Amino acid sequence: CIFCKLANKDIPTNIIYEDEKFTVILDASPATKGHALILPKNHFDDIYSMDDATAAHVFQVAVKVAKAMKETLGCEGLNIVQNNGEIAGQTVFHFHMHIIPRYKGDTVNIGWTPGKADADEINELKEKIAAGL
Ligand code: ZN
């Protein structure tokens, strides 16, 4: 897996942070200046296969990187994007989290059209999802 190799330095890459569980690299095809990827050193296909401790750790790393980007890049905001499944835009099946710094006038397009749902439908979905937790 290409991300296993990058996270574990079997392929040289641009590492901005590393700890015992994660490597953070700069995306080779960045959406904006500083676009980074948080990669677990262990292989997880996606969010569904990730254990709780690793999941908690990934967001701690995201907070560190976000603060550093705000400080060093002067970005006005940032998006955290994490895709699971081909339909959601996942292209490499090794869990990764995108940290995309945002600048005035950039061309990043992350969005959706807000839909409509009636109270019955929302209630039904609430019951359904809650039953799985
Ligand atoms: Zn992998």
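Residues numbered from 1 in each chain as written. Predicted model: local features only at pLDDT ≥ 70, side-chain atom pairs only at ≥ 80, totals over all residues. Heavy atoms only, no water.

In terms of helices and strands, the protein carries three helices and five strands. Going residue by residue from the N terminus, the α and β elements of the protein occur as α-β-β-β-α-β-β-α. Dimensions of the protein along its principal axes, counting C-alpha atoms only, are 50 × 35 × 25 Å. Here the protein holds 133 residues, and the buried ones make up 32% of them. When contacts within the protein are restricted to residue pairs at least 6 apart in sequence, those whose partners lie at least 24 apart make up 53%. For the protein, the accessible surface area stands at approximately 8800 Å², while carbon and sulfur atoms represent 55% of it. (Helix = DSSP H or I, 4+ residues; strand = E, 2+ residues; numbered from the N terminus. Buried < 20%, exposed > 50% of the residue type's maximum accessible area, 1.4 Å probe, protein only. Contact = heavy atoms within 4.5 Å. Areas by Shrake-Rupley, 256 points an atom, 1.4 Å probe, with all protein chains shown as cover.)

As a rule of thumb, nonpolar side chains are buried together in soluble globular proteins. Counting 15 residues, the largest nonpolar core has I38, M97 and I99 as the members making the most contacts within it. Elements with a minimum of two residues in this core: β2 (22-26), β3 (36-40), α2 (52-73) and β5 (97-102). The leading source of residues in this core is α2, at five residues. Setting aside residues up to four positions removed in sequence, I99 forms contacts with G34, H35, A36, I38, A62, V65, M69, L78, N79 and I80. Counting six residues, the second-largest nonpolar core is a separate cluster that includes F3, L6, L37 and L39. (Core = buried A, V, L, I, M, F, W, Y, C linked by side-chain atoms within 4.5 Å.)

Note on the zinc ion: its protein donors are C1 (SG), C4 (SG), H43 (ND1) and H94 (ND1). The metal-donor distances range over 2.0 to 2.3 Å. We note that the donor set of the zinc ion lies within a single chain, spaced as C-x2-C-x38-H-x50-H. In this pair, C4 sits in helix α1 (residues 2-7) while H43 sits in the loop between β3 and α2, placing the two residues 39 residues apart along the sequence. For H43, a relative accessible area of 36% corresponds to the partly exposed category. (Donors = N, O, S within 2.8 Å, 3.2 Å for Na, K, Ca; no water.)

Attention now goes to the side chain of H96. Note on placement: H96 falls in the loop between β4 (77-81) and β5. Discounting chain neighbours no more than four positions away, the residues touching H96 are F3, L37, I38, L39, V81, Q82 and Q90.

Right, let's talk about the sheet that holds β4 for a bit. Spatially, the five strands line up as an open sheet ordered β1-β2-β3-β5-β4, and their pairing is antiparallel. Here the strands that pair on one side only, and so sit at the sheet edges, are β1 (15-18) and β4. For this sheet, the mean inter-axis angle between neighbouring strands, taken without regard to orientation, is 20°. Running at roughly 20° to β5, α2 makes contact with β1, β2, β3, β4 and β5 of the sheet. (Pairing = 2+ DSSP bridges. Axes fitted to C-alpha atoms, helices over the stretch in contact; angles between N-to-C directions.)

Position of H57 relative to the elements: it lies in helix α2. A residue is classified by how much of its surface remains accessible, and H57, at 13% relative accessible area, is buried. A polar side-chain atom of H57 sits 2.7 Å from a polar atom in the side chain of D19. Among all residues touching H57, those that are not within four sequence positions of it are D19, E20, K21 and F22. (Polar contact = N/O pair within 3.5 Å; in protein donor to acceptor, adjacent residues only side chain to side chain.)

Take α2 next. A rise of 1.5 Å per residue sets the reference length of α2, with its 22 residues, at 32 Å; its end C-alpha atoms lie 31 Å apart and thus fit the reference within 8%. Listing the buried residues of α2 in full gives T54, H57, V58, V61, A62, V65, A66 and M69. Contacts from the buried residues of α2 go to β1, β2, β3, β4 and β5. N-capping of α2 is provided by D51, with a side-chain oxygen placed 3.2 Å from the backbone N of A53. Directly beyond the C-terminal end of α2, a positive phi value near 65° is found at G74. (Expected span 1.5 Å × (residues − 1).)

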